[in-house]
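# Examination of the molecular architecture
Spelled out from the first residue to the last, the chains are:
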Amino acid sequence: MYVSPEDMLANSGNAAWMLIAASLVLLMTPGLAFFYGGMSQQKTVLNMMMMSFGAMAVVSIIYFLWGWSMSYGTQDIGGVFANPFEFFGLKDSITDADGAYIAGAWGYANVIDVAFQVTFAIITVALISGSIAGRVKYGTWLAFAGIWVTLAYFPLAHMVWGGGLLSGSENGLAAKIFGTTDDGDGGLVANVAPIDFAGGTVVHINAGIAGLVLAIIIGKRAGFGKIAYRPHNLPFVMLGAALLWFGWFGFNAGSAFAADGIAGLAWVNTTAATAAAIAGWLITERIRDGHATSLGAASGIVAGLVAITPAAGSLTPVGSMILGVIAGVLSALAVGLKFKFGYDDSLDVVGVHLVAGLWGTIAIGFLGSETGLFYGGDYKQLVVQIVIALSALIFTGIITAVIAFALKPLGWRVSDEDEANGIDEAEHAETAYDFA
């Protein structure tokens, strides 16, 4: 199927919006670099930012070679991933034999969907880097990024969004639990379909559990529990949070795949949840510590954005506020768990992305405006949401552990001396700030 000139004209507004949305999501990764960089020590800020930029390079190349095919190819393999060679190098994904642009699922050129989806893969990998800040060899990180996106991200994207085991397809887990119904086109779909509007499982649970596993396997920084690791540049953190919030409108509203009312609802819900999460985090800080901090406000922004990601198209604005304020409280409390349990999640990937991602995914079963328990629905949506969240946790946790151990011969850790003196100088022969 190709895109006719008439279809091009009819869908030009949606196509334009999706290209803008893709650009907004791409901006999130440099925004994350500022966010993580500001939270890092002065002697590690460049390395932290380079981990994000490295992810942009590695993941983009791999995605265009086999990532799109593994995620959204038509040749399903066990409901886990699609044939990586079907659309290798984007063959048969851009134009047909006559040079006409191939139509995507939403009526505009398929290559626009490719552009949008690669940005999700990039930011997911970059998110993981915050859990291992300040102690990891850059080359090993890049190797991990390429292997992990192939073995964890692409399969989970296929399972959730590509018709695999965690989707609403007739062969998915939801269909096996609560049965199927006719889709009106001669096929079958799950009676109760999982909901992940923009990436609660695929992005945030995925990155969050990967960060936890890596932090445990790689080990703690030399001074963990003894040294107060303070952000070296809070304005960077605030700038990064602002860029993330701005880019997240492409992330969530763009996941409507059209410039329509659902995109508008996602935009409003994203703002409502994020504003409420800031309040939830700051109130928690005020009660617990006596102060409401700029770091708390920035972190609350991210917690709210994470929580609303899977639910942006399924909640009301009021429901989004409830979701957001709880996400802010939960994440503010969860960032302290690393000290209780002894894992060095340097920049709180677990406390924010894993915790808020789990909450946002499961909370749809309570707050979904059509199927949630608080809106007259039954227990089934909640069960399905819990199943897909736990499935994502288990799958990615195992895959990440295997990759982390497999890369040990390369060496994960920089030397004790390099860690003490600064990983920027050791790994990149640069420093962020020169003082006379």
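Note that residues are indexed from 1 along each chain, following the sequence as it is written. This being a predicted model, a pLDDT of at least 70 is required before a residue's local features are given, and a value of 80 or more before pairs of side-chain atoms are given or counted; all residues contribute to the totals for chains, interfaces and linings. With hydrogens and water stripped out, all remaining heavy atoms of the structure feed into the side-chain values.

In this text, helices come from DSSP runs of H or I with a minimum length of four residues, and strands from runs of E with a minimum of two, each type numbered from the N-terminal end. Scanning the protein from N- to C-terminus turns up 16 helices and four strands. For the protein, whose C-alpha radius of gyration is 21 Å, the value lies close to the compact-globule estimate of 22 Å for 436 residues. Over its C-alpha atoms, taken along the principal directions, the protein stretches across nearly 70 × 50 × 40 Å. Within the protein, buried positions represent 57% of all 436 residues. Considering only residue pairs separated by 6 or more positions, the protein has 75% of its internal contacts joining residues 24 or more positions apart. Only the protein chains shown count as covering a residue, and every accessible area follows the Shrake-Rupley method with a 1.4 Å probe. When the accessible surface of the protein is split by element, carbon and sulfur atoms take 66% of a total near 17000 Å². Across the protein, the 16 positively charged side chains and the 30 negatively charged ones have centroids separated by 19 Å. The atom set for the radius of gyration is the C-alpha atoms, and the globule formula is 2.2 Å times the number of residues raised to the power 0.38. A 1.4 Å probe rolled over the protein chains alone gives each residue an accessible area, and that area as a share of the maximum for its type sets the label: buried under 20%, exposed over 50%, partly exposed in between. Should any heavy atoms of two residues lie within 4.5 Å, those residues are counted as being in contact. Note on charges: Lys and Arg go in the positive column, Asp and Glu in the negative column, and His and the chain ends are not counted at all. To locate a charge, the coordinates of NZ of Lys, CZ of Arg, CG of Asp or CD of Glu are taken.

Attention now moves to helix α11 (residues 317–334). The terminal C-alpha atoms of α11, which comprises 18 residues, lie 25 Å apart, in line with the 26 Å expected from a rise of 1.5 Å per residue. Turning to α11, its buried residues number three or more, namely Gly 319, Ser 320, Leu 323, Gly 324, Ala 327, Gly 328, Ser 331, Ala 332 and Ala 334. Packed against the buried residues of α11 are α9 (261–289), α10 (294–308), α12 (337–341) and α13 (349–367). For a helix, the expected span equals 1.5 Å multiplied by the number of residues minus one.

Criterion for a salt bridge: a side-chain nitrogen of Lys or Arg within 4 Å of a carboxyl oxygen of Asp or Glu. One pass over the structure, following the stated rule, counts five salt bridges. A salt bridge links Glu 419 to Arg 413; the shortest N-O distance between them is 3.1 Å. The network of salt bridges with shared partners includes Arg 135, Arg 221 and Asp 344.

Each patch is assembled from residues with relative accessible area greater than 30% and no salt bridge, linking like charges that lie within 9 Å and nonpolar side chains (Val, Leu, Ile, Met, Phe, Trp, Tyr) that lie within 5 Å. Residues Glu 170, Asp 182, Asp 183 and Asp 185 make up a contiguous surface patch of negative charge. Structurally, Asp 185 can be placed in the loop between β3 (180–182) and β4 (188–190).

Topologically, Thr 309 is positioned in the loop between α10 and α11. For Thr 309, a relative accessible area of 0% corresponds to the buried category. Two N or O atoms form a polar contact when they lie within 3.5 Å of each other; inside protein one atom must be a possible hydrogen donor and the other a possible acceptor, and for residues adjacent in sequence the pair counts only when both atoms belong to side chains. At 2.8 Å, the side chain of Thr 309 forms a polar contact with the side chain of Trp 248. When near neighbours in sequence (up to four residues on either side) are disregarded, Thr 309 contacts Phe 197, Ala 198, Gly 199, Gly 200, His 204, Trp 248, Phe 251 and Asn 252.

Moving on to helix α4 (residues 110–128). Between its first and last C-alpha atoms α4 spans 29 Å; for 19 residues at 1.5 Å apiece the expected length is 27 Å, and the two agree. For α4, the buried fraction is high: 17 of the 19 residues fall into the buried class.

To continue, consider the side chain of Thr 150. Residue placement: Thr 150 occurs in helix α5 (residues 138–161). Look at Thr 150 and you get buried, because its relative accessible area is 14%. Every residue in contact with Thr 150, bar those within four places of it in the chain, is listed here: Ile 62, Trp 66, Met 70 and Pro 155.

Moving on to the packing of helix α8 (residues 234–253) against α10. Angles here are taken between N-to-C directions and fall from 0 to 180 degrees, while the axes themselves are lines fitted to C-alpha atoms, restricted in helices to the stretch in contact. Where α8 contacts α10, the two axes come as close as 9 Å, and the packing angle between them is 15 degrees. Overall, the two elements α8 and α10 adopt an arrangement that is roughly parallel. The crossing of α8 and α10 is left-handed. Packed against α8, whose contacting residues are Leu 234, Val 237, Met 238, Ala 241, Leu 244, Trp 245, Trp 248 and Asn 252, the element α10 presents Ser 294, Leu 295, Ala 298, Ile 301, Val 302, Leu 305, Val 306 and Ile 308 at the interface. Roughly parallel covers angles under 35 degrees, roughly antiparallel covers those over 145, roughly perpendicular covers 65 to 115, and oblique covers all other angles. For a crossing to be left-handed, the near helix must be turned anticlockwise from the far one by less than a right angle; the clockwise case is right-handed.

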